[in-house]
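# Working through the structure, step by step
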Amino acid sequence: MSVTQETADLLKEKLKETFGFSQFRGEQEDIIKNTLSGENTFVIMPTGAGKSLCYQMPAIAMEGTAIVISPLIALMKNQVDQMNAFGINAQFLNSSLNRAEMTKVKNAVIKGEVKLLYIAPESLTKEDNLTFLKQANISFVAIDEAHCISEWGHDFRPEYRRIRNIVESMDKALPIIALTATATPKVQQDIQKNLNLDDARLFKSSFNRKNLYYEIRAKRDDIDKQIIKYIKVNHGKAGIIYCLSRKKVEEIANLLNVNGIKALPYHAGLDSDVRMANQEAFLNEETEVMVATIAFGMGIDKPDVRFVIHYDAPKSLEGYYQETGRAGRDGLEGTCIMFYAKEDINKLDKFNKDKTVVERDTARMLLHEMVHYANLGTCRRRQLLNYFGEHMDKDCGFCDNCNKPTPKYKVEEAVVLALQTVELTGESFDAQHIADILMGYKSQFVGSNDHQKIATFGKAKSYFKLNSDDDEDDDDDEDDEVEFSDEEDEDGNPIPKAKAKKTPKSKSRKNAEPEPIEQCVSM
Ligand code: ADP
Ligand code: ZN
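Labelled according to an unreviewed UniProt entry, the chain appears under the name ATP-dependent DNA helicase RecQ, originating from Arcicella aurantiaca. Per UniProt, the comment on the chain under Catalytic activity (unreviewed entry) is "Couples ATP hydrolysis with the unwinding of duplex DNA by translocating in the 3'-5' direction." UniProt, in the comment section headed Sequence similarities (unreviewed entry), describes the chain in these words: "Belongs to the helicase family. RecQ subfamily."

## Regarding helix H4 (residues 73–85)
The end-to-end C-alpha separation of H4 is 18 Å, in line with the 18 Å expected for 13 residues at 1.5 Å each. Among the residues of H4, those classed as buried are Ile73, Leu75, Met76, Gln79, Val80 and Met83. Mapping the buried residues of H4 onto a view down its axis gives an arc of 155°, with all of them on the same face. Where the residues of H4 are buried, they touch helix H1 (5–19), helix H3 (52–61), strand E3 (90–93) and strand E4 (116–119). Directly after H4, the chain includes Gly87, whose backbone phi takes a positive value near 85°.

## Structural notes on the site of ligand 1
As a matter of local geometry, ligand 1 sits amid 14 residues, with Gln23, Gly48, Lys51, Ser52 and Asp301 nearest to it. Arg25 places a polar side-chain atom, nitrogen or oxygen, 3.1 Å from an oxygen atom of ligand 1. Between ligand 1 and the protein, one listed contact pairs an oxygen atom with a backbone N or O atom of Gly50 at 3.1 Å. Here ligand 1 has 570 Å² of accessible area as a free molecule, and 74% of this is covered by the chains.

## Looking at the side chain of Glu323
Relative to the helices and strands, Glu323 resides in helix H13 (residues 317–324). We note that Glu323 is buried and unpaired, the nearest opposite charge coming from Arg326 at a distance of 5.1 Å.

## A word on the side chain of Thr293
In this structure, Thr293 sits in the loop between strand E11 (289–292) and strand E12 (305–310). Given a relative accessible area of 0%, Thr293 falls into the buried group. Dropping the residues within four chain positions of it, Thr293 is found in contact with Tyr242, Cys243, Leu244, Ser245, Arg246, Val249, Tyr266, His267, Ala268 and Glu483.

## A few points about the packing of H1 against helix H2 (residues 28–36)
Two elements in contact, H1 and H2, have axes separated by 12 Å at closest approach and are oriented at 125°. Between H1 and H2, the angle is such that the two are oblique. Note on packing geometry: the crossing formed by H1 with H2 is right-handed. Contact residues: H1 offers Thr7, Ala8, Leu11 and Lys12, while H2 offers Glu29, Ile32, Lys33 and Leu36. Split into classes, the residues belonging to the contact of H1 with H2 amount to four nonpolar, one polar and three charged.

## Considerations on unusual backbone geometry
With phi around 50°, Glu145 is a residue other than glycine that occupies positive phi space. Relative to the helices and strands, Glu145 is located in the loop between strand E5 (138–143) and helix H8 (163–169). In this model, Asn196 sits at a positive phi of 55°, which is unusual for a non-glycine residue. With respect to the helices and strands, Asn196 occurs in the loop between helix H9 (185–194) and strand E7 (201–204). A relative accessible area of 43% places Asn196 in the partly exposed class.

## Describing a negative patch on the surface
Residues Glu6, Asp9, Glu13 and Glu17 make up a contiguous surface patch of negative charge. Relative to the assigned elements, Asp9 resides in helix H1. Judged by relative accessible area, which is 42%, Asp9 ranks as partly exposed.

## Quick notes on the sheet that holds strand E6 (residues 176–180)
One open sheet holds the seven strands; their spatial order is E3-E4-E2-E5-E6-E1-E7, and the pairing between them is parallel. Whereas interior strands pair on both sides, the edge strands pair on one side only; in this sheet they are E3 and E7. For this sheet, the mean inter-axis angle between neighbouring strands, taken without regard to orientation, is 20°. Sheet topology places strand E1 (residues 41–44) next to E7; four bridges connect them, and they run parallel. Of the residues in E7, the one forming a bridge with Ile44 is Lys204. On the sheet, H3 packs against strand E2 (65–69), E4, E5 and E6 and is oriented at approximately 135° with respect to E4.

## Focus on the sheet that holds strand E9 (residues 238–242)
Taking strand neighbours across the sheet as the criterion, the six strands line up as E8-E13-E12-E9-E11-E10 in an open arrangement whose pairing is parallel. Two strands close off the open sheet at either side, each with one partner strand: strand E8 (212–218) and strand E10 (263–266). When the angles between neighbouring strand axes are averaged without regard to direction, this sheet yields 15°. Relative to E11, E9 is paired through four bridges, and the arrangement is parallel. Note that in E11 the partner of Ile241 across the bridge is Val291.

## What to know about the packing of aromatic side chains
Under the definition given, this model contains twelve aromatic pairs. Their ring planes at 55° and their centres at 5.0 Å tell us that Tyr320 and Tyr373 sit as a pair that is tilted. Separated by 53 residues along the polypeptide, Tyr320 in helix H13 and Tyr373 in helix H15 (residues 357–375) bring together distant segments of the chain. The burial state of Tyr320 is the same as that of Tyr373; both residues are buried. Judged by centre distance (5.4 Å) and plane angle (75°), the ring pair of Tyr387 and Phe388 falls under edge-to-face. Phe388 shares its class with Tyr387; the two are buried. In textbook terms, an aromatic cluster arises when at least three aromatic residues are bridged by ring pairs, as seen for Phe207, Tyr321, Tyr387 and Phe388. Against the face of Tyr441 rests Lys342, its NZ or CZ located 3.7 Å from the ring centre. Its guanidinium or amino end placed over the ring of Tyr373, Arg380 lies 5.7 Å from that ring's centre, counting from NZ or CZ.

## Topic: the coordination of the zinc ion (ligand 2)
The protein atoms that coordinate the zinc ion (ligand 2) are Cys379 (SG), Cys396 (SG), Cys399 (SG) and Cys402 (SG), at distances spanning 2.3 to 2.4 Å. What the four donor atoms of the zinc ion (ligand 2) show is an angle range of 101 to 118° at the metal, which sorts the shape as tetrahedral. With relative accessibility at 3%, the residue Cys379 sits in the buried group. Residue classification places Cys396 among the partly exposed residues on the basis of a relative accessible area of 22%.

About the cut-offs
Residues numbered from 1 in each chain as written. Chains lettered and ligands numbered in written order. Predicted model: local features only at pLDDT ≥ 70, side-chain atom pairs only at ≥ 80, totals over all residues. Heavy atoms only, no water. UniProt positions renumbered as here; feature names shortened; annotations may be inferred. Helix = DSSP H or I, 4+ residues; strand = E, 2+ residues; numbered from the N terminus. Expected span 1.5 Å × (residues − 1). Buried < 20%, exposed > 50% of the residue type's maximum accessible area, 1.4 Å probe, protein only. Arc of directions from axis to C-beta. Contact = heavy atoms within 4.5 Å. Near = heavy atom within 4 Å. Polar contact = N/O pair within 3.5 Å; in protein donor to acceptor, adjacent residues only side chain to side chain. Areas by Shrake-Rupley, 256 points an atom, 1.4 Å probe, with all protein chains shown as cover. Lys, Arg positive; Asp, Glu negative; His and termini not counted. Salt bridge = Lys/Arg side-chain N within 4 Å of Asp/Glu carboxyl O. Axes fitted to C-alpha atoms, helices over the stretch in contact; angles between N-to-C directions. Parallel < 35°, antiparallel > 145°, perpendicular 65-115°, else oblique. Left-handed = near helix turned anticlockwise from the far one by under 90°. Nonpolar A, V, L, I, M, F, W, Y, C, P; charged D, E, K, R; others polar. Patch = residues over 30% accessible without salt bridge, like charges linked within 9 Å, V, L, I, M, F, W, Y side chains within 5 Å. Charge placed at Lys NZ, Arg CZ, Asp CG, Glu CD. Pairing = 2+ DSSP bridges. Phe/Tyr/Trp six-rings, centres within 6.5 Å; stacked < 30°, edge-to-face > 60°. Lys NZ or Arg CZ within 6 Å of the ring centre and 35° of its normal. Donors = N, O, S within 2.8 Å, 3.2 Å for Na, K, Ca; no water. Tetrahedral: all angles 85-135°; square planar, octahedral: opposite > 155°, others 65-115°.

Dropping the structure here:
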């Protein structure tokens, strides 16, 4: 089917009539036309670019029901509610429905009443659902969050690998549209290979968020003070602070409130009505700051978030990009500050130890990219975009390194120090060990060899502005519940993928009530 001018006009009309938008954004129109003409489509666009419309519009315009495969129950519900509010019959099939509700949905689909059917990959693979789908008149299949298919993505879901076979078993040559906001070349290849999308037309838009300012700060003891100061200086602006653990979220939300800043916590350990209420309060501007684990953010569309602070480093650059991407969705300036310490990376790596070798290697590679980015002395945006397979000809002029280039130092000095250390340690230790000594990092091996006593210990510290001074903090948060995943359980609650083992607390200051940070209040 080719798309006529008449169809194009009709699409514009529907866009206005259904969604109230006067024009398509970016390549939306071409993408929609591609699906309408029966072709396969692969869409790579950053978060917030408007991917949903790329399958919602053809679903409305075509006969039959479009299947939308989506990994998150909460997101599905969100979209279904939204579509129904627009007067479009959308339904979902997932484990949150009981048998009677499922039958009702299926009957409506078979009768041809439903334009969009959202379905979880787990439900898709169930035998009775397959039989049902074969009876239905399906217009096309959309695969949202398609990076879930790749082990190289940040959110691998094995069930996604079965999608292609199932779609083919529906015995029609259904057009497929795969969509993702993860654009690393590896993930892209994996998606194309697994979904057999070599013939698909690729629509890839730039990942450059020109209005976002990227900054990395060394994580030191005064981190809380720095954050409070930042928020006070930017009074009245909405922001998100991401922490790794639920406990830290609570602690920081508390601390901010004690310091006169309206802040609410959000993490998977809170009841769903509390989460909902806190989210509403943030959307309605009743609170300035949301302190959250990564359970917060997916599918949340608040255009005027002015800053995103990472209290802890994320476990991948994809995660970092997604989370920082929630700032400045309205196109106005957004500031992204990440506090970085090497110890946090060690901590993150500890959670990899129970993984399979392949999973561990992948996780470590993702972490390594994160470390590289954080330690960078050159343009952050260039590096970030390079990671997503995009090339920038010149520095951005709008990141911390562009604004304040890292001072250069004489490399000979460092080399001499390194060689001295190799000699002083009897030429029998590896590079990491030598680096630990030079950076003054008392690792287990450094300690057991008494190498903190040698003359070059800590001598290279001053070369690296991003080295944390607080070595003792290494295991601080081991008793926290850490949230790593956007996945959800049957009830739509995010599942913490890894939980730190419970260890007795060794430091009483952890239990102390937060106190106002006086120095900052007078800002
Ligand atoms: P993504 O899935 O790429 O993260 P969404 O589909 O959630 O992005 O869209 C982000 C926001 O942009 C939504 O609020 C959506 O309504 C809005 N949007 C999408 N397309 C258009 C358009 N053509 N005109 C105006 N707003 C749009
Ligand atoms: Zn730059």
